[in-house]
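Examining the three-dimensional arrangement
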Amino acid sequence: MKHVIALDVGGTGMKAALVAPDGRLLHQARRATGRHRGPEAVVDEILRFAADLHAEGEARLGRGASAFGVTVPGIVDADRGVAVYAANLGWRDVPLRALIGERLHGIPVAVGHDVRAGGLAEGRAGAGRGAARFLFVALGTGIAGAIGIAGRVEEGAHGNAGEIGHVVVRPGGAPCPCGQLGCLERYASASAVSEAWARACGDPDADAADCAAAVARGDERACEVWQEAVDALADGLVTGLTLLDPQRLIIGGGLAEAGETLFAPLREAVDARITFQRRPEIVPADLGDTAGCLGAGLLAWDLLDAEAASPAAAPSPDAPTPEVPAP
Ligand SMILES: [Zn+2]
């Protein structure tokens, strides 16, 4: 059966699937990245996993995969197929397309950003269905976003469109690894809320989920920490929706698991800020932590479609050599 391989590489774990043309997951697998052994070990682990998945397809489905989609965190150059920078993997300029293509005998490889690919999946199969324009924002270790327009995700001229986590919401505020001060993700990511709540309650192991539970109990200190995050998030989101005028605002990532504890005050905080702007529907993401993997599968299928549409621009390894007329 014709299928593609989807692989979502996170900081600690990798999720993979063999995906049918209709999006069904024919086989799923998870593995650790092995990042404690260093950046090169992660690459080795990816290549080993890729080869095993390819063999799995041959054994189960009677043929190897037609294409490979891989998503990674950080900064991605999708055109060149290079993971430019990923702090949590210790990566700089890892040529994933070339490495995977070489290991899997020239298979076409699409490389994408994990959250943007997740947004693509939410748009086609999740909370963005039916919305021609949406903004997907994932509140995890950091904050990243995806701008959905008419069934695709805007990449930007350099692959960085949607980086709403690095919109400055507190000028001169907390330093961000990106080099700026006061970025949204320093205030409203799951990690930022975890840190703020651990400081406030004195338990170094307390995290954002504990904070949300304390808010639900009416704990005053927790409510203060939470409201600060909600206010920063609303400031960042209003900048986003002023620029993009989306129909739907989809919030995912660890912090969104707090449900209405987050969504009720967030809608209120956005309403309090907007004047002429129309407030989009603000809804939770649908696909949870499989969004990145589903998105990687979509990137692989889209790559095959693009190659079929213009075979000369991107020859597939087993395409016949085009005949060149004699001069
Ligand atoms: Zn930043």
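Presented here is an overview of the structure given in this document.

The phi torsion at Asp93 lies on the positive side, around 50 degrees, for a residue other than glycine. Tracing the backbone through its elements, the reader meets Asp93 in strand E7 (residues 91-94). Of note in the backbone geometry, Asp245 takes a positive phi value of approximately 50 degrees without being a glycine.

Moving on, we get to the coordination of the zinc ion. Each protein donor to the zinc ion is listed here as His166 (ND1), Cys176 (SG), Cys178 (SG) and Cys183 (SG); together their distances run 2.0 to 2.3 Å. Note that the zinc ion binds 4 donor atoms; their angles at the metal cover 105 to 119 degrees, and the shape is tetrahedral. Taken in chain order, the donor set of the zinc ion reads H-x9-C-x1-C-x4-C. Of this pair, His166 sits in the loop between strand E11 (152-153) and helix H4 (185-188) while Cys176 is found in the loop between E11 and H4, placing the two residues 10 residues apart along the sequence.

What the second largest pocket holds in volume is close to 560 Å³. Lining the second largest pocket are 24 residues, and of these Ala78, Asp79, Val111, Glu155 and Leu299 lie nearest its centre. Taken together, the residues of the lining of the second largest pocket sort by class into 11 nonpolar, 5 polar and 8 charged.

So, about the pattern of salt bridges. Following the criterion strictly, the structure yields 18 salt bridges and no others. Here Glu45 makes a salt bridge to Arg48, at a shortest N to O gap of 3.1 Å. With a gap of 3 residues between them, Glu45 and Arg48 both fall in helix H1 (residues 39-61), about one helical turn apart. Under the relative-accessibility criterion, Glu45 is labelled buried at 9%. Taking the relative accessible area as the measure of exposure, Arg48 reaches 42% and is therefore partly exposed.

As paired elements, strand E12 (residues 248-252) and strand E13 (residues 281-284) share 4 bridges and run parallel to each other. Directly across from Ile251, in E13, lies its bridge partner Pro284. Regarding topology, helix H8 (residues 260-273) serves as the crossover connection from E12 to the parallel E13, and that connection is right-handed.

A separate point is the pairing of strand E10 (residues 143-149). The buried fraction of E10 amounts to 6 of the 7 residues, a majority that puts the element mostly inside the structure. Where strand E9 (residues 133-139) folds back on E10, the antiparallel hairpin that results is connected by 3 residues. As judged from the 2 bridges shared by E10 and E11, these two strands associate in the antiparallel manner. Bridge assignment links Ile149 to a residue of E11, and that residue is Arg152. Counting the residues that bridge the hairpin from E10 to E11 gives 2 residues, and of these Ala150 lies at a positive phi of roughly 50 degrees.

The strand order across the open sheet formed by 5 strands is E3-E2-E1-E4-E8, and the pairing between neighbours is mixed. If you trace the sheet from one side to the other, it starts and ends with strand E3 (25-32) and strand E8 (109-113), each paired once. Taken over all neighbouring pairs, the strand axes of this sheet differ in orientation by 15 degrees on average, direction set aside. Two elements, strand E2 (residues 13-19) and E3, share 7 bridges in a ladder whose sense is antiparallel. Bridge pairing in E3 places Leu18 opposite His27. Packed onto the sheet, helix H2 (residues 96-103) meets strand E4 (68-72) and E8 and runs at close to 145 degrees relative to E8. The sheet contacts of helix H9 (residues 291-309) involve strand E1 (4-9), E2, E3, E4 and E8, and relative to E1 the element is tilted by about 135 degrees.

Rules of the game
Residues numbered from 1 in each chain as written. Predicted model: local features only at pLDDT ≥ 70, side-chain atom pairs only at ≥ 80, totals over all residues. Heavy atoms only, no water. Helix = DSSP H or I, 4+ residues; strand = E, 2+ residues; numbered from the N terminus. Donors = N, O, S within 2.8 Å, 3.2 Å for Na, K, Ca; no water. Tetrahedral: all angles 85-135°; square planar, octahedral: opposite > 155°, others 65-115°. 1 Å grid on protein atoms, 1.4 Å probe; cavity = no way out; pocket = protein on both sides within 12 Å on 5 of 7 lines; lining within 4 Å. Points joined across faces, edges and corners; volume = space filled by probe spheres on them. Nonpolar A, V, L, I, M, F, W, Y, C, P; charged D, E, K, R; others polar. Salt bridge = Lys/Arg side-chain N within 4 Å of Asp/Glu carboxyl O. Buried < 20%, exposed > 50% of the residue type's maximum accessible area, 1.4 Å probe, protein only. Pairing = 2+ DSSP bridges. Right-handed = clockwise from strand over helix to strand, strands pointing away. Axes fitted to C-alpha atoms, helices over the stretch in contact; angles between N-to-C directions. Contact = heavy atoms within 4.5 Å.

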